[in-house]
Amino acid sequence: MRKHGGFVSSGARKAQPKAHHLGIHPALFYGMFAILLAGNGLTATAFLLAPDIAALLSGQNDQVVAAYENRIDQLRVEVDRLHSRNYAQTGNLNLQLQELSQQQELLIEQHQLVKVLVGKAQELGIDAVEPQAASPVPLDTSAGIDPIITGNAEIDATALAVSDMMEETRYALTAISASATEKTANIVAELSAIGIKLSLPEDAVGGPLLPAIDGATADTSMIEDANSVMAALIRYKVARGAIDIAPVHLPIGGTYRKSSNFGNRVDPFTGGLAFHAGVDFSAAVGSTVLSAGGGVVTFVGQKSGYGNVVEVTHSGGLMTRYGHLSAFLCKQGQKVNTGTPIAKVGSTGRSTGPHLHFEVRRNDTPLDPQTYLSAGRRLLKMLG
């Protein structure tokens, strides 16, 4: 008796007429084989889709980008394998495989855009972004990235994997843009609250009006998504740069303590109530005085009551004043950045001991420096 794959030869059936109920019908066998093959394809797809693209923005950019590229390579191998099979012998399946290859090429282009934009975001400190939505954004089937359905388990599983990865890349772009936009809005709000107005670049568009071209929607959608992310990153870069130059940073280095606040206080010389136009930082003689923001040194010399003074003029009509100095480290007309050493702590002028007297003025009207320093601390914390 000869058996193969559960089938019994006709000769064997004659010798054992009652054994035919143990054989497996050919249709049932091929059905089971197809189910097994489909299960293997879907299992492979599940492994391919296991990594979460949201991890791309979790501080492990290099590793996740490399893993994502490996997934694309695996899909490329799978598509090539499907091409090499006998599926192409049918014209309809061959056309569907060509469509799958086109979707794969679009996926690779999308990934390259995401890789570049993730690098730009990382340079700007957008490195630990939590996704804003609990699930990926809906797949935009109008952009030509809906999965093809062929009825063939292997082709459909691979097409679904390609489609899902394309959706993930778009979700990654959305996450970067959302994070940059949120951070920019927070910076603008914080600086606006202390009277510093920002002028952020807007998207510039134009060109001659030309008739639409059929089939150009997918490329246009992908480019528009990338341009939108880049515009959000540019605005965030400008907003972040405003923090670097705004006079909101601590004006003294080393060991110090705040010894007097802004506002009315008991005058240390007369014992009566008097207005104090700044904040005092008690520190050792010779401690370094730093520019609280970027600007130009507009005064170096002496003023009544202040002793030795340095004044730095900033954008937006703001000026910072540093008094009771023991030495100058800058010259009038010099451009300074945030943190540039400009003087040394002393006790010149109307002073009871070594300290830095720090003022913030707008149009020569004194403002509470603590408001600016507190905003600076919040902004720096926001930047991580």
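The structure reproduced in this document is the subject of the present report. Predicted, not measured: the structure shown is a model, and the values here were computed from it.

### Some points on the overall build of the protein chain
Point 1. A count of helical and extended segments in the protein chain gives 7 helices and 14 strands.
Point 2. Per-residue burial for the protein chain yields a buried fraction of 38% across its 384 residues.
Point 3. At a minimum sequence separation of 6, the contacts of the protein chain that also span at least 24 residues come to 70%.
Point 4. Carbon together with sulfur atoms contributes 56% to the accessible area of the protein chain, which is approximately 20600 Å² in total.

### Describing the packing of aromatic side chains
Point 1. Counted under the stated rule, the structure contains 3 aromatic pairs.
Point 2. Considering the side-chain rings of Phe-262 and Phe-275, the 5.3 Å spacing of their centres and the 85° angle between planes classify their relative orientation as edge-to-face. One end of the pair, Phe-262, is in the loop between β3 (257-260) and β4 (263-266); the other, Phe-275, is in strand β5 (residues 273-276), with 13 residues separating them in the sequence.
Point 3. For Phe-262, a relative accessible area of 25% gives the class partly exposed.
Point 4. The positively charged end of Lys-303 is found above the aromatic ring belonging to Phe-299, 4.8 Å away from the centroid.

### Observations concerning the pattern of salt bridges
Point 1. Evaluated as defined, the whole model comprises 8 salt bridges.
Point 2. Across the pair Glu-190 and Arg-378 runs a salt bridge, and its minimum N-O distance is 2.6 Å. Taken together, the positions of Glu-190 in helix α5 (residues 153-193) and Arg-378 in helix α7 (residues 369-382) put the pair 188 residues apart, joining distant regions of the chain.
Point 3. A salt bridge links Arg-361 to Asp-364; the nearest nitrogen and oxygen atoms lie 3.4 Å apart.
Point 4. What makes Arg-361 buried here is its relative accessible area of 10%.
Point 5. Residue class for Asp-364 comes out exposed when judged on its relative accessible area of 54%.
Point 6. The structure contains a network of salt bridges with shared partners spanning Lys-303, Glu-311, Arg-321, Glu-359, Arg-361 and Asp-364.

What counts and how
Residues numbered from 1 in each chain as written. Predicted model: local features only at pLDDT ≥ 70, side-chain atom pairs only at ≥ 80, totals over all residues. Heavy atoms only, no water. Helix = DSSP H or I, 4+ residues; strand = E, 2+ residues; numbered from the N terminus. Buried < 20%, exposed > 50% of the residue type's maximum accessible area, 1.4 Å probe, protein only. Contact = heavy atoms within 4.5 Å. Areas by Shrake-Rupley, 256 points an atom, 1.4 Å probe, with all protein chains shown as cover. Phe/Tyr/Trp six-rings, centres within 6.5 Å; stacked < 30°, edge-to-face > 60°. Lys NZ or Arg CZ within 6 Å of the ring centre and 35° of its normal. Salt bridge = Lys/Arg side-chain N within 4 Å of Asp/Glu carboxyl O.

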